[in-house]
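Structural overview
Okay, here's what each chain looks like letter by letter:
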Amino acid sequence: MNIFKNLFKKESNQVTTPKVNLAVIYYSSNGTNYQLAQWAAEGGLQAEANVKILKVPETAPQSVVDSSPSWKAHLEETKDVPTVSLEDLEWADAIIFSMPTRFGNLPAQMKQFIDTTGGLWAKGKTVNKVVSAMTSAQNPNAGQEQTILQLYTSMYHWGAIVATPGFTDPSVFVAGGNPYGTSVTVDQNGKIKEDARDAAVHQAKRTVSVAKLIKAGN
Ligand SMILES: Cc1cc2nc3c(=O)[nH]c(=O)nc-3n(C[C@H](O)[C@H](O)[C@H](O)COP(=O)(O)O)c2cc1C
């Protein structure tokens, strides 16, 4: 009888999962991906994760930033958002990346940050991070999926576990139906056209719940 009791106890322990650390890492020139990052952070908190919103460093020349009033203003508005560090990556069990589409690809700022992770990768510290990505673009068919998939290519090298939203929630359809990750289209004024809040929240919750399983398994 005691044996059964112990077995039951062990199962109960397995169900009590540890708290997950979620890093929402973004790059944004005009605020869209900062907004997506904030929605993802909301989802992480709803899933009871420890959450950090972190920006990647701006690498564009100051003269280029200065030539765009909205870009300049966004950097000023977000100057107090902490900049991501390699320690943040070590801390994170789960990571949501959010970045705009640039000529059908990742922005150089995000890629530059990812390319600083070779040391962590070499020590095996990127393995089993649960990751998911979001993006924005000015057109629905000019690189949204491609940008997310390019990010995931690096994640496969990390040994990360890519947790896509798939079609696991109605909010994915409302946001435009991108199963690879929430993606939004912005108009000329940078206003998001789709109602993507719930999709970003759902994506973060799903990412955290997969990370919980991985962490509990470890
Ligand atoms: C250099 C550059 C390249 C871009 N390339 C694309 C593109 O390939 N496809 C597209 O639809 N929009 C493209 N855009 C528009 C951006 O994706 C859009 O402004 C961005 O998603 C807004 O995100 P943010 O507010 O977070 O900066 C480009 C913008 C810039 C500045």
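The following paragraphs examine the structure supplied in this document. (Residues numbered from 1 in each chain as written. Predicted model: local features only at pLDDT ≥ 70, side-chain atom pairs only at ≥ 80, totals over all residues. Heavy atoms only, no water.)

**A word on the overall build of the protein chain**
Just so we agree on the cut-off: Think of it this way: any DSSP run of H or I at least four residues long counts as a helix, any run of E at least two long counts as a strand, and we number them from the N terminus. Our radius of gyration is a C-alpha quantity, and the globule rule it is checked against amounts to 2.2 Å times the number of residues to the power 0.38. Here's how the labels work: a residue is buried when its accessible area is under 20% of the maximum for its type, exposed when over 50%, partly exposed in between, all with a 1.4 Å probe on protein chains only. Contacts between residues were defined by any pair of non-hydrogen atoms, one from each residue, lying within 4.5 Å. Counting rule applied: Lys, Arg positive; Asp, Glu negative; His and chain ends not counted. Think of each charge as sitting on NZ of Lys, CZ of Arg, CG of Asp or CD of Glu.
Along the protein chain, the regular secondary structure elements total 10 helices and 6 strands. Scaling as 2.2 N^0.38, a compact globule of 218 residues should have a C-alpha radius of gyration of about 17 Å, and the protein chain matches this with 18 Å. With respect to the principal axes defined by its C-alpha atoms, the protein chain has extents near 75 × 40 × 30 Å. Counting only residues that meet the buried cut, the protein chain has 46% of its 218 residues in that class. Summarising the internal contacts of the protein chain: among those between residues at least 6 apart in sequence, 78% fall at separations of at least 24. Distance from the positive charge centre (20 side chains) to the negative charge centre (19 side chains) of the protein chain: 8 Å.

**Side note on the site of the ligand**
Put simply, the test is: Being near a molecule or strand, for a residue, comes down to having at least one heavy atom within 4 Å of it. Any pair of N or O atoms that falls within 3.5 Å is considered a polar contact. Within protein, one atom must be able to donate a hydrogen and the other to accept it, and sequence-neighbouring residues count only if both atoms are side-chain atoms. When residues are grouped by polarity, Ala, Val, Leu, Ile, Met, Phe, Trp, Tyr, Cys and Pro land in nonpolar, Asp, Glu, Lys and Arg in charged, and all others, Gly among them, in polar.
Residues in contact with the ligand amount to 16 residues; listed here are only the nearest, S28, T32, N33, F103 and S136. Residue N139 places a main-chain N or O atom 2.9 Å away from an oxygen atom belonging to the ligand. Take A142: an N or O atom from its main chain is 2.9 Å from a nitrogen atom of the ligand. Going through the elements one at a time, α2 (32-46) and β4 (130-137) are the ones with two or more residues in the shell around the ligand. Its residues assigned to classes, the shell around the ligand comprises 4 nonpolar, 11 polar and 1 charged.

**Regarding the pairing of strand β3 (residues 94-100)**
This is how it is decided: In short, DSSP must find at least two bridges between two strands for them to pair.
Among the 7 residues that make up β3, 7 are buried, leaving the element largely enclosed by the rest of the structure. Side-chain alternation along β3 places A94, I96, S98 and P100 on one buried face and I95, F97 and M99 on a second face that is also buried. Pairing geometry for strand β1 (residues 21-26) and β3, over 5 bridges, is parallel. Within the sheet, the bridge partner assigned to A23 lies in β3 and is I95. Relative to β4, β3 is paired through 7 bridges, and the arrangement is parallel. Looking at β4, one finds that I96 is bridged to S132.

**Some words on unusual backbone geometry**
In this model, E48 sits at a positive phi of 65°, which is unusual for a non-glycine residue. Within the secondary structure layout, E48 lies in the loop between α2 and β2 (50-55). Classification of E48 by relative accessible area gives exposed; the value is 57%. Backbone geometry places F103, a non-glycine residue, at a positive phi of 50°. For F103, the position within the fold is in the loop between β3 and α6 (108-114). In this structure F103 comes out as exposed when scored by relative accessible area, which is 90%.

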